[in-house]
Every structure is written in C-alpha cells, then in structure tokens.
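What the coordinates show
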Amino acid sequence: MSQPPAYKRVLLKVSGEALMGGREYGLDNATCRRIAEDVRGVIDLGVQVCMVIGGGNIFRGIAGAASGMDRAQADSMGMLATVMNALAMQSALEKQGISTRVQSAIPMSSVCEPFIRRRAERHMEKGRVVIFAAGTGNPFFTTDTAAALRAAEMGCDALLKGTQVDGVYAADPRKNPDAERYVTLTYLDMLSRDLAVMDAAAISLARENHLPIIVFNIHEPGAFTAVMKGEGKFTTVI
Ligand code: UDP
C-alpha cells in the first residue's frame, strides 16, 4: 500500500508568468486547465490546497514605476491583475469539479469574498480550494511574500512554489545545462546566495514560521501530485 501524503494542507504559489503558457502576455486557457488538473490530483490524495496567484503576466508595479507612474499606484494595478488571474484559475478549477472560493486582500464584494482568515479556514476544512487574490493588499510587496504570509496564517505544512524549472539550481539551467540542482537548501543559503527563486521577504517569513518551501516545475504535468508523494524532482528549502 502506498504511503499517505506527508502534507495535510499546502499552499501552491503560481506566478502570473506560468499562466501565460507559450504566450507573450495574459492567460493561456490550456495552461490554466492543466494546472487545475494537477490541483485535482493533489486534492484526490486528500490534501487541502489553497493558492496564491501572481500577476506578472498582466502588470507589475515595478514596471509601471519605471515608466514614471507612482509606485504605490502601480502596485495597486499589479494587485488587481492578480484578481483577474485568480478568477481565471477559479473557473479552471470549477471545470474540474473542484469547489473554490476567491478571497481578495482588497475587498471587492461583488466579485469575490474579502480575505477573512477564519472563513478561509472553514472553506478549506470543507474541501474547497481557496485562492488568495490581491497579494498582501499592500504595495511594495510581492505575491511570493503574500504566499508565505497566507501559508503561515492558514497553518500550511508547506509552501509549494511552482516555477519554470524543476527546482533551485546553482545557475540558470536553461542557459547552463550543467548547472547543479540542489535537493535541499537552507533558508540562509537562499538568502546568502541570492538565488533568484523568491524574494528575501518571503524567505524570511517562511524561515521565521518554520514553513518548508518546495520548488518544483509547474509545467511538468503531474509534478504537483508527485511532489506531494515525495516523488520526482524538486528542491526543498528548510
Ligand atoms: N503586488 C503588490 N503587493 C502584494 C503583491 C503584489 O503590490 O502584496 C503587486 C506588485 O506590483 C507586483 C504585482 O502585484 O508586481 C504582481 O505580483 P507579482 O509580481 O508578485 O506576480 P508574479 O511575479 O508572481 O506573477
């Protein structure tokens, strides 16, 4: 008999970029569907899943600021972009027969629920996937930090960071095929080596809350399920 998964509740962070698939901008429906199928696989293992979706496929505050916009204003636009992605992900999950709720850190009550931690907890206990939108609700933060924050608030056992490659490498494996993939890393390794996987605020928050970060390839079908079973390729940051 196979082992039950080691995790009861996890948060999956998906960047906006991951939802673009092969496109230059915006959303690719087939990619959203495939990610939703992977979430379905993990739910079928009996793991509770919540999600944070980025917005970089639509708008990043830092790019807006670089073009002369006020940074806080531009970041508000970035946070709104994450709400659009969260709604797209909600549709994709519902097509898989998964019950979901979107909770936004910026209240917009005619579109989704506001973020209420206890309510989110209840949804998860009922087996619903809660998608946390609008990041932390504050400018000058990223959705990686929002992911670490929500994972800590929800008492998740791990933060899963779906990226373009199957873990954390010493150098970009797409440019350097001989680059070494780390199996495990410490939070301090991540911070001191400045490995461009998550920002320092997110890593520090995870470290303070003893929240393992698991980095895996979001584009590999079935990888999320495999990681939950301890199979396949990934990097664990503890
Ligand atoms: N953002 C923000 N506060 C947050 C989270 C996000 O202001 O707590 C804004 C910020 O402008 C950011 C944008 O939302 O550039 C999209 O988020 P992010 O860049 O983290 O998305 P990803 O890179 O994961 O697609």
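Not measured: the values here are computed from a predicted model. (Residues numbered from 1 in each chain as written. Predicted model: local features only at pLDDT ≥ 70, side-chain atom pairs only at ≥ 80, totals over all residues.)

1. Quick word on the pairing of strand β3 (residues 100–104)
Within a regular beta strand, the side chains point alternately toward one face of the sheet and then the other, so they alternate between its two faces. Most of β3 is tucked away, with four of its five residues classed as buried. As judged from the five bridges shared by β3 and strand β5 (residues 129–133), these two strands associate in the parallel manner. Residue S104 lies in a different strand from β5, and its bridge partner there is A133. The pairing of β3 with strand β4 (residues 113–114) spans two bridges and is classified as parallel. Across the sheet, the residue bridging to Q103 is E113, located in β4. (Buried ≥ 20, exposed ≤ 12 C-beta atoms within 10 Å, placed from the backbone. Helix = DSSP H or I, 4+ residues; strand = E, 2+ residues; numbered from the N terminus. Pairing = 2+ DSSP bridges.)

2. Regarding the sheet that holds β4
An order of β4-β3-β5-β2-β1-β6-β10-β11-β9 is seen for the nine strands of this open sheet, with the pairing classed as mixed. A strand with exactly one partner marks an edge of an open sheet, and here the two such strands are β4 and β9 (184–185). Examined bridge by bridge, strand β1 (residues 9–14) and strand β2 (residues 48–53) share six bridges and lie parallel to one another. Each bridged residue has a counterpart across the sheet, and for V10 the counterpart in β2 is V49.

3. Looking at the packing of helix α5 (residues 143–153) against helix α7 (residues 200–208)
Close contact between α5 and α7 brings their axes to 7 Å; oriented N to C, the two are set at 15°. Viewed along their axes, α5 and α7 adopt a mutual orientation that is roughly parallel. The handedness of the crossing between α5 and α7 comes out as left-handed. On α7, the residues that touch D144, T145, A147, A148, L149 and A152 of α5 are A201, A202, L205 and A206. (Axes fitted to C-alpha atoms, helices over the stretch in contact; angles between N-to-C directions. Parallel < 35°, antiparallel > 145°, perpendicular 65-115°, else oblique. Left-handed = near helix turned anticlockwise from the far one by under 90°. Contact = placed C-beta atoms within 7 Å.)

4. Thoughts on the environment of E121
The residue E121 is located in helix α4 (residues 117–125) in this model. Sequence-wise, E121 and K161 are 40 residues apart; in three dimensions their C-alpha atoms are separated by 21 Å.

5. Section: the site of the ligand
Every one of the 23 residues lining the ligand counts as a neighbour, but G54, G56, G61, G78 and G135 are closest to it. Those elements that place two or more of their residues in the shell around the ligand are α2 (61–66), α3 (71–95) and α5. In terms of residue count, α3 provides more of the shell around the ligand than any other element does, five residues in total. Classifying every residue of the shell around the ligand gives six nonpolar, 13 polar and four charged. (Near = placed C-beta within 6 Å. Nonpolar A, V, L, I, M, F, W, Y, C, P; charged D, E, K, R; others polar.)

6. Thoughts on the UniProt feature "binding site: ATP" (unreviewed entry) in the chain
As annotated by UniProt and renumbered to match this structure, "binding site: ATP" (unreviewed entry) occupies K13, V14, S15, G16, G56, R60, T163, Q164, Y169 and D172. For this annotated set, covering 160 residues, the C-alpha atoms extend up to 25.0 Å from each other, a dispersed arrangement in space. On the basis of neighbour count, R60 is assigned to the buried category, with 20 C-beta atoms found within 10 Å. Within the secondary structure layout, Q164 lies in the loop between β6 (158–163) and β7 (168–169). (UniProt positions renumbered as here; feature names shortened; annotations may be inferred.)

7. Examining the pairing of β1
Counting buried positions along β1 gives five out of six residues, so the element sits mostly inside the fold. After leaving β1, the chain enters helix α1 (residues 29–44) and then returns to the sheet as β2, a path that is right-handed. Strand direction decides the pairing type here: β1 and β6, joined by five bridges, are parallel. Residue pairing for β6: K13 is matched across the bridge by K161. (Right-handed = clockwise from strand over helix to strand, strands pointing away.)

8. Quick word on α7
Residues A202, I203, L205 and A206 constitute the buried set of α7. One side of α7 holds all its buried residues, which, seen down the axis, span an arc of 160°. Those residues of α7 that are buried are in contact with α5, β6, α6 (187–192) and β10 (213–217). Positive phi appears at H210, one or two residues downstream of α7, with a value of about 50°. (Arc of directions from axis to C-beta.)

9. Section: the UniProt feature "binding site: UMP" (unreviewed entry) in the chain
The UniProt record marks G55, D75, T136, G137, N138, P139, F140, F141, T142 and T143 with the feature "binding site: UMP" (unreviewed entry), using the residue numbering of this structure. For this annotated set, covering 89 residues, all C-alpha atoms fall within 14.1 Å of each other, a compact arrangement in space. Here D75 shows up in helix α3. The exposure class of D75 is buried, given the 24 C-beta atoms found within 10 Å. Tracing the chain through its elements places F141 in the loop between β5 and α5.

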